[in-house]
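Residue-level listing of the chains:
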Amino acid sequence: MSSAPAPAALDEAIRPHARHFVLALLALAAGGFTIGTTEFVTMGLLPQIAEGVGVSIPTAGHVISAYAVGVVIGAPVLAFLGARLPRRGLLVALMFAYAVGNAASAVATSFGLLTVARVATGFPHGAYFGVASLVAASLAPEGRKGRAVAMVMLGLSVANVVGVPAATWLGQNLGWRSTYWAVTGLALLTAALVLTFVPSCPGDAGATGRRELRAFKEPQVWLTLMAGAVGFGGMFAVYSYIAPTVTEVGGLPDGAVPVFLLAFGLGMVVGTWLAGELADWSVFRSLLGSSLGMAVALLAFSALAPAGWWLIPIGFLITVLGSVLVVNLQLRLMDVAGDAQTIGAALNHASLNIANAAGAWLGGVVIAAGFGYRSTGVVGAALAIAGFGVLVVSAFLARRMPHMPSLSA
């Protein structure tokens, strides 16, 4: 996923001072690793969290939705308010806020307090990725901006391969609170790395609320966001309850959960690479294909849930297709948002976390209704098909209204 490049003046102001380019990018990527670890590890520790705060597993699933709600609110608000602030200082402040939110999660003594803490933790999520991408692009020499932004996002992929399985193992063996304490430490370390290796850089003096809010006037922006908010929710309907599905339906021990999370993480890495290849062919066709593919894979997940270890390839495929969907949604959104790039990038994070919240909530609803953990795959497939339907509407409008962005991108 990518964000808007910084203005030329900002580029020139920063680049002469960027002597430790690689170290600066690694510092920014550390934030992606931290965010990715805490965002997804809750799903692997849901049974332990539920027991720890005295609620059922479906009810505990609402803390996943709470984090997503925080992202949905915080991403556009902080992007709007922080556009003019010094970039490095803003990144440090966002990571410090992230540390506070995770520490509050670790000490929460009730389900209500944990829910509030997760909402607060989600606030800096989208703004961090948006600002970090702007800084990475500003630090990069000409011709390497895309790679620099990809380096920031690499932290998120690595988190799903290394951070989430390791944090899940930690939570299972030392208690779920230890995981949030560990992420608190990672957030503080990231703040220190950013302060040490990322050069001081000004905010965007030309940013205005009116310019950024123009994105809301574009019907294709709304349709793209809706396709993500609905379609990507299919993956989270399953992913949110992967731990009890693997152990209670698949009959595997708790130790199998980190293995499944590792497979999901590897799927995200492969899917991100594949998305770039498919985008060169056609962004919009990639969106349509990944939506339908996810629907089929999610139905297969429901059917094969009792198969134990044989479910791993299906989980891998779901996240491959999910990553193809996410990356191409971002590319489509950047195309249709026009000049409102900053708010557009932030809104994409908001959209995907609406998907996170909706998928986890709907999955919990069908489980609580007595349909069992296998039913989450059916719910996920329905959401993926609904997202496909939104994309069809987008294509129809693009062909009927020539002034709209084309489907060739």
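Residues numbered from 1 in each chain as written. Predicted model: local features only at pLDDT ≥ 70, side-chain atom pairs only at ≥ 80, totals over all residues. Heavy atoms only, no water.

Here we take up the overall build of the chain. For the chain, the helix and strand inventory stands at 18 helices and zero strands. Buried residues in the chain amount to 58% of all 409 residues. Long-range pairs, those at least 24 residues apart, make up 86% of the contacts in the chain with a sequence separation of at least 6. Split by element, the accessible area of the chain, about 15300 Å² in all, is 71% carbon and sulfur. (Helix = DSSP H or I, 4+ residues; strand = E, 2+ residues; numbered from the N terminus. Buried < 20%, exposed > 50% of the residue type's maximum accessible area, 1.4 Å probe, protein only. Contact = heavy atoms within 4.5 Å. Areas by Shrake-Rupley, 256 points an atom, 1.4 Å probe, with all protein chains shown as cover.)

Two elements in contact, helix H2 (residues 21-44) and helix H9 (residues 176-197), have axes separated by 9 Å at closest approach and are oriented at 165 degrees. Classified by the interaxial angle, the pair formed by H2 and H9 is roughly antiparallel. The handedness of the crossing between H2 and H9 comes out as left-handed. Here Leu23, Ala24, Ala27, Leu28, Ala30, Gly31, Phe33, Thr34, Thr37, Thr38, Val41 and Thr42 of H2 lie close against H9, whose contacting residues are Thr179, Tyr180, Val183, Leu186, Ala187, Thr190, Leu193, Val194 and Phe197. When its residues are assigned to classes, the contact of H2 with H9 shows 14 nonpolar, seven polar and no charged. (Axes fitted to C-alpha atoms, helices over the stretch in contact; angles between N-to-C directions. Parallel < 35°, antiparallel > 145°, perpendicular 65-115°, else oblique. Left-handed = near helix turned anticlockwise from the far one by under 90°. Nonpolar A, V, L, I, M, F, W, Y, C, P; charged D, E, K, R; others polar.)

Of the residues in the chain, 86% reach a pLDDT of 70 or more, and the chain-wide mean stands at 82. Confidence, expressed as mean pLDDT per element, reaches its minimum in the chain at helix H1 (residues 8-14) with 46 and its maximum at H9 with 95. Per-residue pLDDT stays below 50 along residues 1-18; that stretch engages in 52 contacts with residues further than four places along the chain or on separate chains. (pLDDT = per-residue confidence, 0-100.)

The next point concerns a nonpolar patch on the surface. A contiguous nonpolar patch, built from Val69, Ile73, Val77, Phe80, Leu81, Leu213, Phe216 and Trp222 and spanning about 710 Å² of accessible area, is present on the exposed surface. With five residues, helix H5 (residues 62-82) is the largest single contributor of residues to the nonpolar patch. With respect to the element layout, leucine 81 can be found in helix H5. Using a relative accessible area of 58% as the deciding quantity, one classes leucine 81 as exposed. (Patch = residues over 30% accessible without salt bridge, like charges linked within 9 Å, V, L, I, M, F, W, Y side chains within 5 Å. Salt bridge = Lys/Arg side-chain N within 4 Å of Asp/Glu carboxyl O.)

The subject of this paragraph is the side chain of serine 240. The residue serine 240 is located in the loop between helix H12 (233-239) and helix H13 (242-249) in this model. Within the local environment of serine 240, its side chain forms a polar contact with the backbone oxygen of phenylalanine 236, the two atoms lying 2.6 Å apart. (Polar contact = N/O pair within 3.5 Å; in protein donor to acceptor, adjacent residues only side chain to side chain.)

This part takes up the environment of alanine 191. Of note, alanine 191 is situated in helix H9. We classify alanine 191 as buried; its relative accessible area is 11%. Separated by 96 residues in sequence, alanine 191 and methionine 95 place their C-alpha atoms 5.6 Å apart. Setting aside chain neighbours within four positions, we find alanine 191 in contact with Val92 and Met95.

Looking now at the nonpolar core. Ranked by internal contacts, the top residues of the largest apolar core, which has 67 residues, are Phe232, Met235, Tyr239 and Ile242. The contacts of methionine 235, once residues within four sequence positions are left out, are Met268, Met294, Leu298, Ile318 and Thr319. The next biggest cluster of nonpolar side chains, apart from the first, holds 33 residues, and it includes Leu25, Val71, Ala99 and Leu156. (Core = buried A, V, L, I, M, F, W, Y, C linked by side-chain atoms within 4.5 Å.)

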